[in-house]
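Remarks on the overall topology
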Amino acid sequence: PADADANAALGGVSILFDWNAETAADAFKSAIAAGPNCGVAWMWYALVHMTLGDFEEALRCSIRAQTLESTLAINKVMTTWLLYLSGRPEEALAQVSAAIRQNPQIPRAYLYASWCYDMLGRFDEALQTMQTCVALANFSAVRASLAYAYARAGHRDEARRFVHDLLESPAHTSPYWMAVAHMG
């Protein structure tokens, strides 16, 4: 299709469900060619570059999406994630703080902020931020991250309680998130 939104949707399906970065990249290139001001296409194209390990190009695309869609706090959250993965937690915190001011109801913003505080060794702030995240979205991955934050902040008993609760919960917690909970 020659439509920017249609190509962006095709690219999203390709990267999320087919795990085909090459097809997704082609779709997003077509989306951007058809509509160079389509912020959604730029944001998803950033995800493709991140998947391929090209964080600088991912950041460039993410920042372009922010420029085009400045009213969407989620774009700042995506840039936060990319900055965090690039080992730039101070810059990531500046991005996520702006996102939270814009929309304080995005749980992922607090999750990434907590990770940034942890990377900087600011464990009490990481814990406090993670508690806010759990208040907004109480699912197993977030509770596992909270267990990690409790342990890193020196609250081992509370961390163990959360790990125990995850193990006893009828909701499935993936092995990855159980490992995160135990790493603290």
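First things first, this report covers the structure right here in the doc. This one's a predicted model, so the numbers in the text were calculated from it and none came from an experiment.

This part covers unusual backbone geometry. For W19, which is not glycine, the phi dihedral falls at a positive 55°. Tracing the backbone through its elements, the reader meets W19 in the loop between α1 (4–16) and α2 (21–34).

This part is about the pattern of salt bridges. The final tally for this structure, using the stated rule, is 8 salt bridges. We note a salt bridge from R88 to E56, for which the minimum N-O separation is 3.2 Å. In this pair, R88 sits in the loop between α5 (73–85) and α6 (89–102) while E56 sits in helix α4 (residues 55–68), placing the two residues 32 residues apart along the sequence. Given a relative accessible area of 52%, E56 falls into the exposed group. A salt bridge links E125 to R122; the nearest nitrogen and oxygen atoms lie 2.7 Å apart. Assessed through its relative accessible area of 36%, R122 is described here as partly exposed. Taken together, the shared-partner salt bridges in this structure form one network comprising E56, R88 and E91.

Taken as a whole, the largest pocket spans an internal volume of roughly 270 Å³. Together, V40, M43, W44, L47, L72, I74, N75, V77, M78, W81, R108 and Y112 line the largest pocket. Among the elements of the structure, α3 (39–51), α5 and α7 (107–119) are those that each provide at least two residues to the lining of the largest pocket. Here the residues of the lining of the largest pocket sort into 10 nonpolar, 1 polar and 1 charged.

In this section: the environment of V96. Structurally, V96 can be placed in helix α6. In this structure V96 comes out as buried when scored by relative accessible area, which is 1%. As a C-alpha pair, V96 and V77 span 19 residues in sequence and 5.8 Å in three-dimensional space. If sequence neighbours within four positions are ignored, V96 has contacts with T80, A109 and A113.

Within this structure, the stated rule accounts for 6 aromatic pairs. Judged by centre distance (5.6 Å) and plane angle (40°), the ring pair of Y84 and W115 falls under tilted. Of the two residues, Y84 is situated in helix α5 and W115 in helix α7; the sequence distance between them amounts to 31 residues. Summarising the burial analysis for this pair, Y84 and W115 share the class buried. Note on Y176 and W177: the rings are 4.9 Å apart at their centroids and 85° apart in plane angle, and the pair reads as edge-to-face. According to the relative accessible area criterion, Y176 is exposed, its value standing at 54%. Pairwise contacts between aromatic rings join W81, Y84, Y112 and W115 into one cluster. Against the face of F162 rests R161, its NZ or CZ located 4.7 Å from the ring centre.

All right, on to α2 then. Counting along an α-helix, one turn takes 3.6 residues, and residues three or four places apart therefore face a common direction. Taking 1.5 Å per residue, 14 residues should reach 20 Å; α2 reaches 20 Å between its end C-alpha atoms and fits that length. Among the residues making up α2, those that are buried are A21, A24, A25, A27, F28, A31 and I32. Here the buried residues of α2 occupy an arc of 165° about the axis, which is enough to place them on one side. Set apart from the buried face of α2 by more than 90 degrees, the exposed residues are E22 and A33. Here the buried face of α2 lies against α1 and α3.

Calculation notes
- Residues numbered from 1 in each chain as written.
- Predicted model: local features only at pLDDT ≥ 70, side-chain atom pairs only at ≥ 80, totals over all residues.
- Heavy atoms only, no water.
- Helix = DSSP H or I, 4+ residues; strand = E, 2+ residues; numbered from the N terminus.
- Salt bridge = Lys/Arg side-chain N within 4 Å of Asp/Glu carboxyl O.
- Buried < 20%, exposed > 50% of the residue type's maximum accessible area, 1.4 Å probe, protein only.
- 1 Å grid on protein atoms, 1.4 Å probe; cavity = no way out; pocket = protein on both sides within 12 Å on 5 of 7 lines; lining within 4 Å.
- Points joined across faces, edges and corners; volume = space filled by probe spheres on them.
- Nonpolar A, V, L, I, M, F, W, Y, C, P; charged D, E, K, R; others polar.
- Contact = heavy atoms within 4.5 Å.
- Phe/Tyr/Trp six-rings, centres within 6.5 Å; stacked < 30°, edge-to-face > 60°.
- Lys NZ or Arg CZ within 6 Å of the ring centre and 35° of its normal.
- Expected span 1.5 Å × (residues − 1).
- Arc of directions from axis to C-beta.

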